[in-house]
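Take a look at the letters that make up each chain.
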Amino acid sequence: MKLNICIGTILAACALQAAAKDAHWLWYPGDFEIYVAQEVQETRLEWGGVTPVMWPQYHHYPVVRFCKTVELAQDETMTVEIDGKGMYVISGVGQGGIIGEKMTFRLAKGRHDLSFKLVNSKRLPSLRATAQSFVSDSSWTVEHSNSGTFVPAACNGYLCDSSRKPSDFKLATEPAKPVSVKSNGKGGIIADFGKETYGFPVFEQITGRGRVRVIYGESEKEALADGLFDDKLVIKPNAADVWEYLDFEATDRLQLPVTRAFRYVNVVPVEGDVKVGNLSMVREYNADLKVRGAFECDDEKLNEIWRVCEYTLQLTAREFLLDGIKRDRWVWSGDAKQSALLSYYVYGEREVVRRTLWALRGKDPVWRHINTISDYTFYWFGMVWEYYLYTGD
């Protein structure tokens, strides 16, 4: 008897562990993409300040309810993880408050109606559940704002890990060093990273205290430009368009919390006695992009053009298919439509395209054209159709 109980316990634990690998985080359709797009598009840096988008800025639904009906052949244990807070109802009997971010329930053999109502205005309300015979997947349904209209819950294979909630979605990173660092002739330094890149600038060996102006350039000439307004607050001719003021004090290492795009980074002290001794970066990239398409001919110039184009697409295919990553950083359907077609051939990758489609779609009611441009609305329709043709989804 003891042996049977032990074996049964082990088998149940193994089944739960196997099920956990197939469990997905769930959210209301489109909300994950809208949540991430809002964060990405708010990082546009132009002339020392953040430029808000010129079209409607959508937000995720703060209140959602996930539901699932299960028929169990035996007693089971269900673990539920959530991002938010709220209430649950199981089989319509009793109601409880969600305590913490992870809860365990004992479900008796038979039919159960599961309901989890979450609220999270700051992050994406989401849920992940595992049991022996079922997990959280697209068979669950979800409503928003007590509407009573349920739709299949959204999920994808990229967001299954228990430790990686949808709100914490990030691209891959790796440390990188410049190919050269030298004096800029203005009491600071300028670093060359060898080619256009993208990531978090890291300032090292900071001494003193004060303010610096950091200018990001694709060329050394651009990075060395003043990047300032004149006395009438008009941008100077030939000024760099991507720069910011930062306040530093002595530390060995300071990594900026926001990504920037650059080849050259120029640090110019403007107040105090602050000095920056060195620069490096934490490169950020889309690890899902694997080059599958190829091109080669007997004209080396065309081959080089192909390589430059592929690298440019790699830089802009990030959380979404972005326009220029140094200044623009917005999702435009006209640009995305062209990039999506290239992405199918070069990478055979679909997730970045799908995220882009959802982000551009926004929410009802629709009261303005996508990106405020009528053509771009129709580009979006074409992009949806091409996504279906190339992926079958």
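Up top is the structure these notes are about.
Structure report, in brief.

Conventions used here
- Residues numbered from 1 in each chain as written.
- Predicted model: local features only at pLDDT ≥ 70, side-chain atom pairs only at ≥ 80, totals over all residues.
- Heavy atoms only, no water.
- Pairing = 2+ DSSP bridges.
- Helix = DSSP H or I, 4+ residues; strand = E, 2+ residues; numbered from the N terminus.
- Buried < 20%, exposed > 50% of the residue type's maximum accessible area, 1.4 Å probe, protein only.
- Contact = heavy atoms within 4.5 Å.
- Polar contact = N/O pair within 3.5 Å; in protein donor to acceptor, adjacent residues only side chain to side chain.
- Axes fitted to C-alpha atoms, helices over the stretch in contact; angles between N-to-C directions.
- Patch = residues over 30% accessible without salt bridge, like charges linked within 9 Å, V, L, I, M, F, W, Y side chains within 5 Å.
- Areas by Shrake-Rupley, 256 points an atom, 1.4 Å probe, with all protein chains shown as cover.
- Salt bridge = Lys/Arg side-chain N within 4 Å of Asp/Glu carboxyl O.
- Parallel < 35°, antiparallel > 145°, perpendicular 65-115°, else oblique.
- Left-handed = near helix turned anticlockwise from the far one by under 90°.

### Focus on the sheet that holds strand β6 (residues 96–97)
Within a sheet, each strand pairs with its neighbour through backbone hydrogen bonds, oriented either parallel or antiparallel. Strand order across the open sheet formed by six strands is β6-β5-β8-β3-β10-β11, with antiparallel pairing between neighbours. Strands at the two margins of the open sheet, each flanked by one partner only, are β6 and β11 (151–152). Pairing geometry for strand β3 (residues 63–72) and strand β10 (residues 141–144), over four bridges, is antiparallel. Counterpart to V64 in the pairing with β10 is H144.

### Examining the environment of E244
As for its position among the elements, E244 is in strand β15 (residues 243–255). Under the relative-accessibility criterion, E244 is labelled buried at 9%. Measuring from C-alpha to C-alpha, the distance between E244 and D168 comes to 26 Å, with 76 residues separating the pair along the chain. Sequence-distant contacts of E244, that is, excluding residues within four places in its chain, are made with L45, V212, R213, V214, Y216, L256 and R260. A distance of 3.1 Å separates the side chain of E244 from the side chain of R260, its partner in a polar contact.

### Topic: the side chain of T377
The residue T377 is located in helix α7 (residues 374–391) in this model. Given a relative accessible area of 13%, T377 falls into the buried group. Separated by 2.7 Å, the side chains of T377 and H369 make a polar contact. Leave out the neighbours within four places in its chain, and T377 touches S333, H369 and I370.

### What to know about the sheet that holds strand β9 (residues 126–130)
Within the open sheet, the three strands sit side by side as β7-β4-β9. Their pairing is antiparallel. Every other strand in the sheet has two partners, leaving β7 (102–107) and β9 as the edge strands with one partner each. Between one strand axis and the next, the sheet turns by 20° as a mean value, whatever way the strands run. Note: strand β4 (residues 76–83) against β7, six bridges, orientation antiparallel. Note that in β7 the partner of T79 across the bridge is T104.

### Examining unusual backbone geometry
For the bond running from D364 to P365, omega is 0°, close enough to zero to count as cis. Tracing the chain through its elements places P365 in the loop between α6 (351–361) and α7. The phi dihedral of Q205 is positive, around 55°, even though this residue is not glycine. Structurally, the position occupied by Q205 is in strand β14 (residues 189–217). The backbone of T372 sits at a positive phi, close to 65°, despite the residue not being glycine. Residue placement: T372 occurs in the loop between α6 and α7.

### Some words on a nonpolar patch on the surface
A grouping of Y345, W385, Y388, L389 and Y390 is seen on the molecular surface, where their side chains present a nonpolar patch of about 620 Å² in accessible area. Relative to the helices and strands, Y388 is located in helix α7.

### What to know about the packing of helix α5 (residues 333–346) against α6
Between α5 and α6, whose axes approach to 10 Å, the crossing angle comes to 160°. The angle between α5 and α6 places the two elements in the roughly antiparallel class. α5 and α6 meet at a crossing whose hand is left-handed. Here α5 contributes S333, A336, A340, S343 and Y344 to the contact with α6, which in turn contributes V352, V353, T356 and L360.

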